[in-house]
Amino acid sequence: MRLEISRRADLAVRALLLIAAADDRVKAEELAGRLDTTTGFVPQVVGPLVKRGWVRSDPGPRGGYSGSVDIDAVSVLQVIEAVDGPTDVGRCVVADGPCGRAPHCALHVAWADAREQLMAQLDATSLAVLAGGVAIR
């Protein structure tokens, strides 16, 4: 059993923190360098943030990315789900199939409780809280 977020979601959180902290627009090349990724991957990471209205994308040689939201209003869970889609896919962690079957697997109650606590914590943690303690280069 692995609990992890995708590389895209991690980069999206870090990108939003970098963009929000910038005094001016951030070019894709600079963002790629600071995130240790490729310039071609930046639109895949920032695209969902633009779609949600959290980041503004201005094309052209004088363009770049700029923040459009107070990062205190955006939770870690919101960014993860914007990039990776819904986190609750209804799959059992033990059996290969939906979790709603009866009888439930041995871990059903413990896993459901733990998942609920994790999702609540991620939803209660704003990006502003992370801004003070995340090494974003």
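Above this text is the structure in question.
Residues numbered from 1 in each chain as written. Predicted model: local features only at pLDDT ≥ 70, side-chain atom pairs only at ≥ 80, totals over all residues. Heavy atoms only, no water.

**Thoughts on the packing of helix 1 (residues 7-21) against helix 2 (residues 28-35)**
Right, on to step 1. At their nearest, the axes of helix 1 and helix 2 sit 10 Å apart, and the two run at 120 degrees to each other. With respect to each other, helix 1 and helix 2 are oriented oblique. In terms of crossing hand, the pair formed by helix 1 and helix 2 is right-handed. For the pair formed by helix 1 and helix 2, the contact residues are Arg7, Leu11, Arg14, Ala15, Leu18 and Ile19 on the first element and Leu31, Arg34 and Leu35 on the second.
Right, on to step 2. In terms of residue class, the contact of helix 1 with helix 2 is built from six nonpolar, no polar and three charged. (Axes fitted to C-alpha atoms, helices over the stretch in contact; angles between N-to-C directions. Helix = DSSP H or I, 4+ residues; strand = E, 2+ residues; numbered from the N terminus. Parallel < 35°, antiparallel > 145°, perpendicular 65-115°, else oblique. Left-handed = near helix turned anticlockwise from the far one by under 90°. Contact = heavy atoms within 4.5 Å. Nonpolar A, V, L, I, M, F, W, Y, C, P; charged D, E, K, R; others polar.)

**Points about the pattern of salt bridges**
Right, on to step 1. Tallied over the full model, the rule gives four salt bridges.
Right, on to step 2. We note a salt bridge from Arg25 to Asp58, for which the minimum N-O separation is 3.0 Å. Pair noted here: Arg25 is in the loop between helix 1 and helix 2 and Asp58 is in strand 1 (residues 55-58), with a separation of 33 residues, a long-range link.
Right, on to step 3. One salt bridge connects Glu30 with Arg34, and the closest N-O pair in it is separated by 3.7 Å. Here Arg34 and Glu30 lie together in helix 2, a separation of four residues that amounts to about one turn.
Right, on to step 4. Arg34 sits in the partly exposed class, given a relative accessible area of 32%.
Right, on to step 5. Taken together, the shared-partner salt bridges in this structure form one network comprising Arg25, Arg56 and Asp58. (Salt bridge = Lys/Arg side-chain N within 4 Å of Asp/Glu carboxyl O. Buried < 20%, exposed > 50% of the residue type's maximum accessible area, 1.4 Å probe, protein only.)

**Quick notes on the nonpolar core**
Right, on to step 1. Of all hydrophobic cores here, the largest spans 30 residues; its most connected members are Leu16, Leu31, Val46, Tyr65, Val79 and Leu127.
Right, on to step 2. Of all the secondary-structure elements, those providing two or more residues to this core are helix 1, helix 2, helix 3 (42-51) and helix 4 (76-84).
Right, on to step 3. No other element matches helix 1, which puts nine residues into this core.
Right, on to step 4. If we ignore the near neighbours within four places in the chain, the residues touching Leu16 are Leu49, Trp54, Val55, Ile71, Val74, Val79 and Leu127. (Core = buried A, V, L, I, M, F, W, Y, C linked by side-chain atoms within 4.5 Å.)

**Describing helix 2**
Right, on to step 1. The complete set of buried residues in helix 2 reads Ala28, Leu31, Ala32 and Leu35. The arc that holds the buried residues of helix 2, viewed along the axis, is 100 degrees, so those residues lie on one side.
Right, on to step 2. Each element contacted by the buried residues of helix 2 is listed here: helix 1, helix 3 and strand 2 (64-67). (Arc of directions from axis to C-beta.)

**Concerning the pairing of strand 1**
Right, on to step 1. As defined by bridge partners, strand 1 adjoins strand 2 across four bridges and the pair is classed as antiparallel. Bridge pairing in strand 2 links Asp58 to Gly64.
Right, on to step 2. With antiparallel pairing between neighbouring strands as the criterion, strand 1 and strand 2 make up a hairpin whose turn holds five residues, including Gly60 at a positive phi of roughly 100 degrees. (Pairing = 2+ DSSP bridges.)

**Topic: the side chain of Asp58**
Right, on to step 1. On the accessibility criterion, Asp58 (14% relative accessible area) is buried.
Right, on to step 2. At a separation of 3.0 Å, a polar atom in the side chain of Asp58 contacts the side chain of Arg25.
Right, on to step 3. Beyond its immediate chain neighbours, meaning those up to four positions away, Asp58 contacts Arg25, Gly63, Gly64 and Ser66. (Polar contact = N/O pair within 3.5 Å; in protein donor to acceptor, adjacent residues only side chain to side chain.)

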